[in-house]
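So the chains spell out like this:
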Amino acid sequence: MSDQAVQTAKAPVEAAAAGPGGPRAGEPAARHGGRNAAVLLVFTAITNLADGVTKIALPLLATRVSASPARISAVSLTLSLPWLLVALHVGVLVDRADRRRLLWGANALRLLALGALIEAALAGRVTIAVLCVVGAVLGVAEVIALTSASALIPALVPPEGRERVNAWIAGAETVCNEFCGPFVGGLLLAAGTGFALGATWVSYLAAALVLLLLAGRFRAAGDTAQAGAGAGAGGSVNRQIAGGLRYLWQHTLLRTMSLILTVLCACWGAWLALMPLFATDVMQLSPRQYGTLLSALGVGGLTGALTVTRVNRTLGRRWAMFADLAGTFAMMAVPALTTDLWAVAAAAFAGGMGGTLWTVNARTIGQRLVPDALLGRYTAVSRLFSWGAMPLGAGAMGLLAQWLGLRLAFLVFAASVAVTVVPFLRVLTRPALAQAYGD
């Protein structure tokens, strides 16, 4: 990325910081950085634990009222579909409103939805329609909460602490949402549906109360006019959405990162979709062995969160991010070459670790480069590209496996990762990343 492009990207941030009031609105006082980081980490851990519970509880409740696979899968779909339907509009909302209040609003939606479900469960009126409505509301709340929380970090934590906080948050998301949440959800449901839903309701309430401890201002700094003429300053929601998309597309570094991440997330969606069949039919794994394989993915993610700072110092941020390309390539290529459990698990570990290394560094780069008035839309677009690519990758993997066979399907996705190496090396250069970090 040229020096001119970097200065263009950084100018809005510097302009916002140089206002007559001293530090830009939303910039944290140094004395509050540690407390704010702890508050955000606790909030993330509690809400992700509760989200993990609901993501297993709702489909399990659906199996008790219907034997139709289509209806049961529809309940699961309502939890993730809002990312495709409302993420861009939520991004505009996050750039317009107080971000802490949006977190409260998201938790209020969760409390209302779960309260209604608890009442229906106690009255014996749980139906697929009720579960779909509750799932949709919880899905919208998740979009609002995750987009707002990510956009909050520059106002909560000084720049020098953001890499560490992003690593903590990524670790909390991995542990609570992927490991503890489903496990705790199963235990709570075994104790009773009402008990499980009630405990989850209390968790969301506790998370909302934790937000009272945040210190600082939480509305986007400045206005969209400061973000550049092409950002869609003012005007309608659609104009601001278009401005956010235009800003991302015109920024070479951010655009390349988003496109590469789209390919990588499509591969993750493909791996998660096909691995159950591959593990049972081709690798002939037992349920315990399959659990070991999936655990390797999560353990890799947690390891990445715990070691990202050290890896960045040892290898440099460029090669730390490149580890995601290497790990994802291994995830897709190794199953095509061998059915050995430990080889496939090692590749999954590498993929999980690389994914977290990319996530932490990419979030930190976005928080440094993107103007505060555009951070909500940038976060929403990035997650739309990445999370939206996962079901597309899953669908494409199913078709390829049907036409070419399981192993060739894995190789096709491995080849797609290899294609991203050239743009990565050309755009994510060491000088470009150093300038993005302000080094």
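Up top you'll find the structure we're talking about.
As a starting point, this report considers the structure included with it. Just so it is clear, the model here is predicted, and its values are computed rather than measured.

Next up on the list: the packing of aromatic side chains. Enumeration over the complete set of coordinates arrives at five aromatic pairs. Ring centres of W83 and W387 lie 4.6 Å apart, and the angle between their planes is 65°; this geometry places the pair in the edge-to-face category. You can see W83 sitting in helix α4 (residues 82-85) and its partner W387 sitting in helix α15 (residues 375-404), a full 304 residues away along the chain. Owing to a relative accessible area of 4%, W83 belongs among the buried residues under this scheme. Taking the relative accessible area as the measure of exposure, W387 reaches 32% and is therefore partly exposed. Arranged with centres 5.2 Å apart and planes meeting at 75°, the rings of F278 and F410 form a pair that is edge-to-face. Remark: F410 occurs in helix α16 (residues 406-419) and F278 occurs in helix α11 (residues 252-282); sequence separation between them is 132 residues. Classification of F278 by relative accessible area gives buried; the value is 0%. By relative accessible area, F410 is classed as buried at 0%. By way of ring pairs, the aromatic residues W319, F322, W358 and F424 are connected into one cluster. Over the ring of W249 we find R255, and its NZ or CZ is 5.1 Å from the ring centre.

Reading the values: the criteria
- Here the residue numbers are simple positions, counted from 1 along each chain's written sequence.
- The predicted origin of the model limits local features to residues at a pLDDT of at least 70 and limits the giving and counting of side-chain atom pairs to 80 or more, whereas totals for whole chains, interfaces and linings rest on all residues.
- Side-chain figures throughout are based on the complete set of non-hydrogen atoms in the structure, without hydrogens or water.
- Pairing of aromatic rings covers Phe, Tyr and Trp, the last counted by its six-membered ring, and requires centre-to-centre distances within 6.5 Å; plane angles under 30 degrees mean stacked, over 60 mean edge-to-face, and any other angle means tilted.
- Only DSSP runs of H or I with at least four residues qualify as helices, and only runs of E with at least two residues qualify as strands; both kinds are numbered from the N terminus onward.
- Burial here depends on accessible area, computed with a 1.4 Å probe over protein chains only, as a share of the maximum for the residue type. Under 20% is buried, over 50% is exposed, and the range in between is partly exposed.
- For a ring to carry a charge above it, either NZ of a lysine or CZ of an arginine must fall within 6 Å of the ring centroid while also lying within 35 degrees of the normal to the ring plane.

Shape is all these values report; function is a separate question.
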